[in-house]
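Chains, contacts and geometry: an overview
So you can see what is in the structure, the chains are spelled out below.
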Amino acid sequence: MTQPINIQENILQFGINDDLVGILSGPTSVNSDSTALIIINAGLLHRTGACRSAVSIARKLAKEGYFTLRFDLHGVGDSAFGGDASDDPMAAKKEISQAMDAITAATGIKQFVLHGLCSGARDSFYTAIVDDRVVGISMIDGHAYRDKKFYFVMLGKFLQRPGRWLNAVKIRLFGKPDINNDFSMEEKKLYEETFWPEYPDKKLVEDGFNTLANRQVKILATYTGTVSPEYNHENQFYTMYSKVDFKKLLTINYMPSASHTMTIKADREQVANKLLTMLKTF
Amino acid sequence: MKPFFIGDSAKQIYTTLVPSKKRAATCAVILFYPYGQEYMRAHKAFRQLATQLSRKGFDTYRFDYPGTGDSYGELTDVSFTTVVDDSINVLSNIAATQNYERLIAVGLRFGALVAHACMKSSDKLDQLILWDPFASGKHFIDENETMATASSKDTDEWNVHGFELTKCFRDSISTYSILPISDKKIEMVISFDNENSETIQKQFNNTIPTILQGPKNDWNYVDMVGSILMPTKLISCISEHIDQSS
């Protein structure tokens, strides 16, 4: 019978002036030939992740013998403000490469899988293109570009339940009444912060995937039902990047019943299991 | 900012200190987070409040309850009692390692219930600010019941915006109420008048000092992408108030 692995969690401060903060989870003994996972912030949410998903993943993988760092980019969570602003829509975050340096310094591990939701997915992708220590990426609701089949699927859904779609249009046109609120929507919006950057040109993203495929980087692409207005059938990934030969590097994890922030525990567990499967391949 | 763990490796409580930027602090402020999705929405606001207080000469602490954030355990394994007991341990640890003259607690929503229970059960806290508080455990449960997924309501484990609220947890908090504590200074800061603030006023015979600073904060709100809330006016209002009253 296999003995359970003891796990440890330690605070890791790194970067210039140690101003980046993360938690490194892992087994109590280190195998420096293994692969570590780095979890990137989703938008403005701090490193514990939507519905604490980053913590669950890190602790599950630690019990399986893998190290995981969940950390905050500059200006998010507990990390200091700073970092470089860039006009390049595909600029890699330097903090992610600094995170790899920090894990190597702490454990000796030299190869990494990057995982992220939403903007974290895109940041994982951009870093993987320029940093060859990355051997795999896992993206939840990353870039999406509609293909022809997308519109057929959308039409089919409309024909199945036209009332529901017309109601959605009505709500978008006229808005929902905001009850029990003495303040204007404009004033309220001043205090709600949301982060959803524009996608770069598809050609740039496609070139990026070609770079990753040529470097044998493995890709786990998860899409949830929340992004069905952009991604609505399982194999859309292949058609939207039809000029990329993914060989056998790509795994699609299509979860149409899951929400973007993974509010159902079983959905979070499914993603964690897929990540574990991926890590075991290295 | 200094992050550290309190407790042994099996029961680590993740804590952060934003030290005073002015002078050696004689007074510390401890921030008590709300529950579940509201914790995610409030994290940046708490950091902002801690930063403002540090500029005014206060050491400011934040910590994750067991089963939340980077602290040990799962929400399914903790109760209100566990949360309060671990919070008191945090307060004791802070009091033992630093010789502060005063400890002030700011508790947001569910955090107001926890901070109040800590003040009631230990002598560590001198002042408590209830921020958009729940008036009682019953109010907390009732509001979360309206937000729990339909499929989870018939089970012991409610799913509220992706966070578990177990029957054990609900039972442990159901009879708790925010009431006056003799010789303790308790105040309230609210973003709008509501049933909770009115109940607390009644429970204090309309004597609890209250500051109203809008606009209304929807803490228990969730959108598809996980937006956060940063009520800048209210945060400044709290830090100014603590500075003036200390």
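Residues numbered from 1 in each chain as written. Chains lettered and ligands numbered in written order. Predicted model: local features only at pLDDT ≥ 70, side-chain atom pairs only at ≥ 80, totals over all residues. Heavy atoms only, no water.

1. Notes on the pattern of salt bridges
All chains considered together, the criterion is met by 23 salt bridges over all chains. A salt bridge links aspartate 70 of chain B to arginine 70 of chain A, with the shortest nitrogen-to-oxygen separation between them at 2.7 Å. Of the two residues, aspartate 70 of chain B is situated in the loop between strand E4 (59-63) and helix H2 (80-97) and arginine 70 of chain A in strand E4 (residues 68-71); the pairing between them involves two chains. The closest approach of N and O atoms between glutamate 240 of chain B and lysine 56 of chain B, which form a salt bridge, is 3.1 Å. Taken together, the residues span a long stretch of sequence, with glutamate 240 of chain B in helix H8 (residues 232-245) and lysine 56 of chain B in the loop between helix H1 (37-55) and E4 at a distance of 184 residues. (Salt bridge = Lys/Arg side-chain N within 4 Å of Asp/Glu carboxyl O. Helix = DSSP H or I, 4+ residues; strand = E, 2+ residues; numbered from the N terminus.)

2. Examining the sheet that holds strand E5 (residues 111-117) of chain A
Residue and element names in this part refer to chain A. Strand order in this open sheet of 8 strands is E1-E2-E4-E3-E5-E6-E8-E9, and the pairing throughout is mixed. Strands at the two margins of the open sheet, each flanked by one partner only, are strand E1 (7-14) and strand E9 (250-255). The mean inter-strand angle of the sheet, taken between neighbouring strand axes irrespective of direction, is 15°. Along the sheet, helix H9 (residues 265-280) contacts strand E3 (35-40), E5, strand E6 (134-140), strand E8 (218-224) and E9; its crossing angle with E9, the most-contacted strand, is approximately 175°. (Pairing = 2+ DSSP bridges. Axes fitted to C-alpha atoms, helices over the stretch in contact; angles between N-to-C directions. Contact = heavy atoms within 4.5 Å.)

3. A short note on helix H3 (residues 119-130) of chain A
Residue and element names in this part refer to chain A. A rise of 1.5 Å per residue sets the reference length of H3, with its 12 residues, at 16 Å; its end C-alpha atoms lie 17 Å apart and thus fit the reference within 8%. H3 sits mainly inside the fold: 10 of its 12 residues count as buried. Inspection of H3 places Ser119, Gly120, Ala121, Arg122, Asp123, Ser124, Phe125, Tyr126, Thr127 and Ala128 among the buried residues, and these make up the whole buried set. In this fold, the buried residues of H3 make contact with E3, helix H2 (94-107), E5, E6 and helix H7 (202-214). (Expected span 1.5 Å × (residues − 1). Buried < 20%, exposed > 50% of the residue type's maximum accessible area, 1.4 Å probe, protein only.)

4. Section: empty space enclosed by the protein
Residue and element names in this part refer to chain A. Under the counting rule described, the total for this entry stands at 9 cavities of 30 Å³ or more. By volume, the largest cavity is sized at about 200 Å³. Gly49, Ala50, Ser53, His115 and Leu117 are the residues nearest the centre of the largest cavity, which is lined by 20 residues in total. Secondary structure elements with two or more residues in the lining of the largest cavity: E3, helix H1 (53-63), E5 and H9. Broken down by class, the residue content of the lining of the largest cavity amounts to 11 nonpolar, 7 polar and 2 charged. (1 Å grid on protein atoms, 1.4 Å probe; cavity = no way out; pocket = protein on both sides within 12 Å on 5 of 7 lines; lining within 4 Å. Points joined across faces, edges and corners; volume = space filled by probe spheres on them. Nonpolar A, V, L, I, M, F, W, Y, C, P; charged D, E, K, R; others polar.)

5. So, the packing of H2 of chain B against helix H3 (residues 110-121) of chain B
Residues and elements named next belong to chain B. Where H2 meets H3, the closest approach of the two axes is 9 Å, and the angle between their N-to-C directions is 65°. The crossing of H2 and H3 is right-handed. Together, Phe80, Val83, Val84, Ser87, Ile88 and Leu91 of H2 and Phe110, Leu113, Val114, Ala117, Cys118 and Ser121 of H3 make up the contact between the two elements. Looking at the contact of H2 with H3 residue by residue, the classes come out as 10 nonpolar, 2 polar and no charged. (Left-handed = near helix turned anticlockwise from the far one by under 90°.)

6. Regarding the packing of H1 of chain B against H8 of chain B
All names here are of chain B. Running from N to C, H1 and H8 cross one another at 35°; their axes reach a closest spacing of 9 Å. Handedness of the H1/H8 crossing: right-handed. Counting all contacts with H1, which are made through Ala45, Gln48, Leu49, Gln52 and Leu53, the residues of H8 involved are Ile235, Ser236, Ile238, Ser239 and Ile242. When its residues are assigned to classes, the contact of H1 with H8 shows 6 nonpolar, 4 polar and no charged.

7. Topic: the state of the cysteines
Residue and element names in this part refer to chain B. Under the criterion given, the structure shown has 0 disulfides over all chains. No disulfide involves cysteine 118; its nearest neighbouring cysteine sulfur is the one of cysteine 27, lying 17 Å away. Left without a disulfide partner, cysteine 237 is nearest to the cysteine sulfur of cysteine 27, which lies 17 Å away. (Disulfide = S-S within 2.5 Å.)

8. Re the interface of chain B and chain A
Listed per partner, the contact involves 47 residues of chain B and 42 residues of chain A. Summed over the three residues of chain B that lose the most area to chain A, namely Met40, Arg47 and Asp70 of chain B, the buried surface amounts to 17% of that side. Across the pair lysine 265 of chain A and glutamate 164 of chain B runs a salt bridge, and its minimum N-O distance is 3.5 Å. Scanning the region where chain B abuts chain A turns up 19 residue pairs in polar contact (both at pLDDT 80 or more). For the side of chain B that touches chain A, the elements supplying multiple residues, two or more each, are strand E1 (2-6), strand E2 (13-18), H1, strand E7 (157-160), strand E8 (163-166), strand E11 (228-229) and H8 of chain B. Here the element with the most residues in the side of chain B that touches chain A is H1 of chain B; it accounts for 6 residues. Grouping the amino acids of the side of chain B that touches chain A by side-chain chemistry returns 18 nonpolar, 17 polar and 12 charged. (Buried area = accessible area lost by both parts, 1.4 Å probe. Polar contact = N/O pair within 3.5 Å; in protein donor to acceptor, adjacent residues only side chain to side chain.)

9. Remarks on the pairing of strand E5 (residues 102-108) of chain B
Residue and element names in this part refer to chain B. Taken across its 7 residues, E5 has 6 buried, putting it largely inside the fold. Taken together, the 6 bridges between strand E3 (residues 27-32) and E5 define a ladder with parallel strand orientation. Opposite valine 29, over in E5, you have isoleucine 104 as the bridge partner. Bridge count between E5 and strand E6 (residues 127-131): 5 bridges; the pairing is parallel. Note on E6: the bridge partner recorded for leucine 108 is tryptophan 131.

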